[in-house]
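Single-letter residue listing:
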2 protein chains.
Amino acid sequence: MLSQKARYALRAMLHLAAKPKDEPQQTADIADAAGVPRKFLEQILLDLKRRGLVYSVRGRNGGYQLGRDPKDIEFAEIIRIIDGPLALSPCASRTAYRRCDDCTDEATCAIRKALIDVRNATAKILERHSLSDALADRRKMKPAA
Amino acid sequence: MLSQKARYALRAMLHLAAKPKDEPQQTADIADAAGVPRKFLEQILLDLKRRGLVYSVRGRNGGYQLGRDPKDIEFAEIIRIIDGPLALSPCASRTAYRRCDDCTDEATCAIRKALIDVRNATAKILERHSLSDALADRRKMKPAA
DNA sequence: TAAATCTCTATTGATTTGATAGAGATTATG
DNA sequence: CATAATCTCTATCAAATCAATAGAGATTTA
């Protein structure tokens, strides 16, 4: 399961993706639109900012914009920043590989093998799914009435 | 990420799968072989027993056996029992669907759509991966020397 | 009857999660 | 320049979850 925080992050990013690129959106507005507690959202946006996914403008009329084109921001990246690796076990992670403390023989671990398959399938989907894909999906699902 | 408990459960089940079907294995032995704290393992096995994955024999010389043929016990089932649904969000789960509390429009939720794709891919792998598959993998990886 | 085992429930300490708070730093504007 | 509006940073907190331990009970064999 994703954390609530990661779901908030995805919603906030999707909101930003739907806005004109260079009109900073304020945390209060994003929080309202995405249904996220404002102070909690601020922490989330700071994390995303530190990794370059959003760009911030300080001071009056400041706010947040996407740091890159929506087509270059993948679900996978957002989730990894907030929740950590996609894999079901550290030993099956590519971005944050770590040997299991209590693993006796990784080479023959049949559990690990299955978990790597899952991690690859998950990454394949989430690394190919960008914010612009999501916007397109949304338009498709709810045709302009 | 799977919980430690789920990893323990997979290891314990794999250990049982490698043993003759009708020789009850004792928790102390399984715990030792699978590297799981004994009392913690007992809880895990009880959960698995309640769902029919293992069968127990009480009293002296008692112990645990698989409740079904290893080929009919899937990783997915073990993980679901211990950790709950495979999906990344309740709204993307098939076995434990629940609407997101704060979801405004599920029909057009582009996040949900991606998460459903992930859940389907994950389930496809883990529902087709049985304990006997895992034993076969292990033999393949470590040919009888 | 005693020993070996599974069964059940409670408890505990550590960590994580989700959220709130408030004091800075920065900028636009009147 | 003063002020209001904003992002920035760190601390704190309560509740939930996780990982593990404990121990009394029930069951079976020898």
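All of these numbers come straight from a predicted model, not from anything done at the bench.

Residue and element names in this part refer to chain A. If you check the domain split of chain A, you get domain 1 (4–66) and domain 2 (75–129). Each of domain 1 and domain 2 was reduced to a C-alpha centroid, and the two centroids are 28 Å apart. The interface of domain 1 with domain 2 comprises ten residues on the first partner and seven residues on the second. In total, domain 1 and domain 2 occlude about 810 Å² of area from one another, counting both sides; carbon and sulfur atoms represent 88% of this. Three residues stand out in domain 1 for area buried against domain 2, namely Ala6, Leu10 and Leu53, and they jointly supply 52% of the buried area on that side. Counting across the domain 1 and domain 2 interface gives zero salt bridges. In this structure, the connection of domain 1 to domain 2 is made through zero residue pairs in polar contact (both at pLDDT 80 or more). For the side of domain 1 that touches domain 2, the elements supplying multiple residues, two or more each, are α1 (4–17) and α3 (38–50). Counting residues per element, the side of domain 1 that touches domain 2 draws most heavily on α1, at five residues. A class-by-class count of the residues in the side of domain 1 that touches domain 2 yields seven nonpolar, no polar and three charged.

Turning next to the interface of chain B and chain A. Counting from both sides, the interface comprises 36 residues of chain B and, opposite them, 36 residues of chain A. With both chains or domains summed, chain B and chain A bury close to 3200 Å², and 72% of this area falls on carbon and sulfur atoms. At the boundary of chain B and chain A, one finds four salt bridges. At the junction of chain B and chain A, the tally comes to six residue pairs in polar contact (both at pLDDT 80 or more).

Contacts to DNA strand D come from 29 residues, most closely from Thr27, Lys49 and Tyr64 of chain A together with Lys39 and Gln43 of chain B. Counting only atoms of DNA strand D within 4 Å of the protein, the fraction found in sugar and phosphate groups is 67%. At 2.9 Å from a phosphate oxygen of DNA strand D is found a side-chain nitrogen or oxygen belonging to Tyr8 of chain B. Note that a sugar or linking oxygen of DNA strand D is positioned 3.5 Å from one of the side-chain N or O atoms of Asn61 of chain B. Of all the secondary-structure elements, those providing two or more residues to the surface near DNA strand D are α3, β1 (54–57) and β2 (63–66) of chain A together with α1 (4–17) and α3 (38–50) of chain B. Of all the elements, α3 of chain A adds the most residues to the surface near DNA strand D, at six residues. Classifying every residue of the surface near DNA strand D by side-chain character gives six nonpolar, 13 polar and ten charged.

The next thing to look at is the relation of the copies chain B and chain A. Note on the identical chains: chain B maps onto chain A by a rotation of 180° and an axial translation of 0.0 Å, with an RMSD of 0.0 Å. Seen this way, the second copy is the image of the first under a two-fold rotation axis. Looking at the rotation axis and the C-alpha trace of chain B, the residue lying nearest is Ala121 of chain B, at 3.2 Å. Comparing interface residues between copies, 100% of those in chain B also lie at the interface in chain A; the contact surface is shared.

Here the focus is the pattern of salt bridges. Close approach of charged atoms allows side chains of opposite charge to pair. All names here are of chain B. On inspection of all chains with the given rule, the structure shows 22 salt bridges over all chains. Among the ionic pairs, Glu127 bridges to Arg80, the shortest N-O distance being 2.7 Å. Of the two residues, Glu127 sits in helix α5 (residues 110–127) while Arg80 sits in helix α4 (residues 75–83), which places them 47 residues apart along the sequence. The class for Arg80 is buried, based on a relative accessible area of 18%.

About the cut-offs
Residues numbered from 1 in each chain as written. Chains lettered and ligands numbered in written order. Predicted model: local features only at pLDDT ≥ 70, side-chain atom pairs only at ≥ 80, totals over all residues. Heavy atoms only, no water. Domains from an automatic or database assignment. Contact = heavy atoms within 4.5 Å. Buried area = accessible area lost by both parts, 1.4 Å probe. Salt bridge = Lys/Arg side-chain N within 4 Å of Asp/Glu carboxyl O. Polar contact = N/O pair within 3.5 Å; in protein donor to acceptor, adjacent residues only side chain to side chain. Helix = DSSP H or I, 4+ residues; strand = E, 2+ residues; numbered from the N terminus. Nonpolar A, V, L, I, M, F, W, Y, C, P; charged D, E, K, R; others polar. Near = heavy atom within 4 Å. Least-squares fit on C-alpha atoms with pLDDT ≥ 70 in both. Buried < 20%, exposed > 50% of the residue type's maximum accessible area, 1.4 Å probe, protein only.

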